[in-house]
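This is what each chain is made of:
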2 protein chains.
Amino acid sequence: MLKLKSQVCFPIYALSREITSTYRPFLDELDITYPQYLVMMVLWEEDPQTVNQIGHKLDLDSGTLTPLLKRLQAKELISRKRKSCDERVVEISLTPAGKNLEKAAEQVPLKVMEAMNVTAEELQELKDVVTKILNKQRTRV
Amino acid sequence: MLKLKSQVCFPIYALSREITSTYRPFLDELDITYPQYLVMMVLWEEDPQTVNQIGHKLDLDSGTLTPLLKRLQAKELISRKRKSCDERVVEISLTPAGKNLEKAAEQVPLKVMEAMNVTAEELQELKDVVTKILNKQRTRV
DNA sequence: TTAAATTAAATTGTGCACAAGTTAATGTGG
DNA sequence: CCACATTAACTTGTGCACAATTTAATTTAA
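Residues numbered from 1 in each chain as written. Chains lettered and ligands numbered in written order. Predicted model: local features only at pLDDT ≥ 70, side-chain atom pairs only at ≥ 80, totals over all residues. Heavy atoms only, no water.

Some points on the protein's contact with DNA strand C
Alright, step 1. Surrounding DNA strand C, one finds 27 residues, the nearest of these being A:Y13, A:T66, A:K70, A:R80 and B:Q36.
Alright, step 2. Between DNA strand C and B:T33 there is a distance of 2.7 Å, counted from a phosphate oxygen to a side-chain nitrogen or oxygen.
Alright, step 3. Only α1 (9-30), α3 (51-58), α4 (62-74) and β2 (78-82) of chain A together with α2 (34-45) and α4 (62-74) of chain B provide two or more residues apiece to the surface near DNA strand C.
Alright, step 4. The residue inventory of the surface near DNA strand C, partitioned by class, reads 7 nonpolar, 9 polar and 11 charged. (Near = heavy atom within 4 Å. Polar contact = N/O pair within 3.5 Å; in protein donor to acceptor, adjacent residues only side chain to side chain. Helix = DSSP H or I, 4+ residues; strand = E, 2+ residues; numbered from the N terminus. Nonpolar A, V, L, I, M, F, W, Y, C, P; charged D, E, K, R; others polar.)

Thoughts on the interface of chain A and chain B
Alright, step 1. Across the boundary between the two partners, chain A contributes 56 residues, which contact 56 residues of chain B.
Alright, step 2. Run the count over chain A and chain B and you get 4 salt bridges.
Alright, step 3. A salt bridge links A:E125 to B:K132, with the shortest nitrogen-to-oxygen separation between them at 3.5 Å.
Alright, step 4. Linking chain A with chain B are 16 residue pairs in polar contact (both at pLDDT 80 or more), by the criterion used here.
Alright, step 5. Secondary structure elements with two or more residues in the side of chain A that touches chain B: α1, α2 (34-45), α3, α5 (96-105), α6 (108-116) and α7 (120-140) of chain A.
Alright, step 6. Looking at which element gives the most residues to the side of chain A that touches chain B, the answer is α7(A), with 15 residues.
Alright, step 7. Of the residues assigned to the side of chain A that touches chain B, the class counts are 33 nonpolar, 7 polar and 16 charged. (Contact = heavy atoms within 4.5 Å. Salt bridge = Lys/Arg side-chain N within 4 Å of Asp/Glu carboxyl O.)

Points about the protein's contact with DNA strand D
Alright, step 1. In the vicinity of DNA strand D lie 26 residues, with A:Q36, A:R71, B:Y13, B:T66 and B:R80 positioned nearest.
Alright, step 2. Of all DNA strand D atoms lying within 4 Å of any protein atom, the proportion belonging to sugar or phosphate reaches 81%.
Alright, step 3. Residue B:Y13 places a side-chain N or O atom 2.6 Å away from a phosphate oxygen belonging to DNA strand D.
Alright, step 4. Separating a phosphate oxygen of DNA strand D from a backbone N or O atom of B:V90 is a distance of 3.0 Å.
Alright, step 5. Of all elements in the fold, only α2 and α4 of chain A together with α1 (9-30), α3 (51-58), α4 and β2 (78-82) of chain B reach the threshold of two or more residues within the surface near DNA strand D.
Alright, step 6. Looking at the surface near DNA strand D residue by residue, the class counts come to 7 nonpolar, 9 polar and 10 charged.

A few points about the packing of α1(A) against α6(A)
All names here are of chain A.
Alright, step 1. It is at 10 Å that the axes of α1 and α6 come closest, and there the two elements cross at 140°. As far as their axial angle goes, α6 and α1 are oblique. As for the relative orientation of α1 and α6, their crossing is right-handed in sense. Between α1 and α6, the contacting residues are I19, T22, Y23, F26, L27, E29 and L30 on the first element and V108, K111, V112, A115 and M116 on the second.
Alright, step 2. In terms of residue class, the contact of α1 with α6 is made up of 9 nonpolar, 1 polar and 2 charged. (Axes fitted to C-alpha atoms, helices over the stretch in contact; angles between N-to-C directions. Parallel < 35°, antiparallel > 145°, perpendicular 65-115°, else oblique. Left-handed = near helix turned anticlockwise from the far one by under 90°.)

The structure is reproduced here in structure tokens:
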């Protein structure tokens, strides 16, 4: 049981890092990191959103998001503004540059899939198994 | 393509963090982190090993390992010593406390599997798909 | 109405990851 | 033999993750 080869969790951990490093060269061209890319993707789907909403979708807390969002703000891809109706809430909006970045990012998923050298079928199979297990976690909590 | 739901990589990233947080309470009892646990597992299989050997098995470089190993040394679970035949190489050995920790860690995999609420079959399925894709990466590089 | 509880975000501190560069020891070709 | 390349580990700097605490705003309940 305590052998690395018999572990399931280590391959997941290794694959997760492998994926991030496959994304890196393509995201370097956009001057963002993988977690920043995830946040931008969430905002490209719906804009604006609160820190809480983004955190809920990505399973990240404000301890991770606050500094990350400040870095995206420093790159002028997003703006941060407290809501007047509830001063506790910070609303994140895309800047024009942030909206424009979506076009440049359009080719990233395809490039990554090519670089990972996997077929769409393998990816789908992987996703199905992973989400099945992830959903079990969510329903349990 | 740029929607979070259509992404394969995000579920992997999310599952990897989910796994680490499932391990956390059990590893807290041993006073080690998940990456530290991986290093200990590698050493329980073969002792001693060089920093390079450990790094090769876990896909981690010395920039990550050196400080991690120093923390394990501070906990007195391992010792670090330069080889006399080649002073560039640092050899990592388990201390008696490091060897003893294996017994305490024996139940961790089972406890984690229970806590994750998954069957052995699901885990095997997950592992098969993940390692298939991971191996493609390795052979490509 | 106001004291207590709750909530949202920020802050602080620790520990990975990893790129890039450094240091020191060992190998190698001329 | 010795300059040069290579190698192993270390160091430095940036950016996550995440636990724990703090701050400030809002909600609630007595």
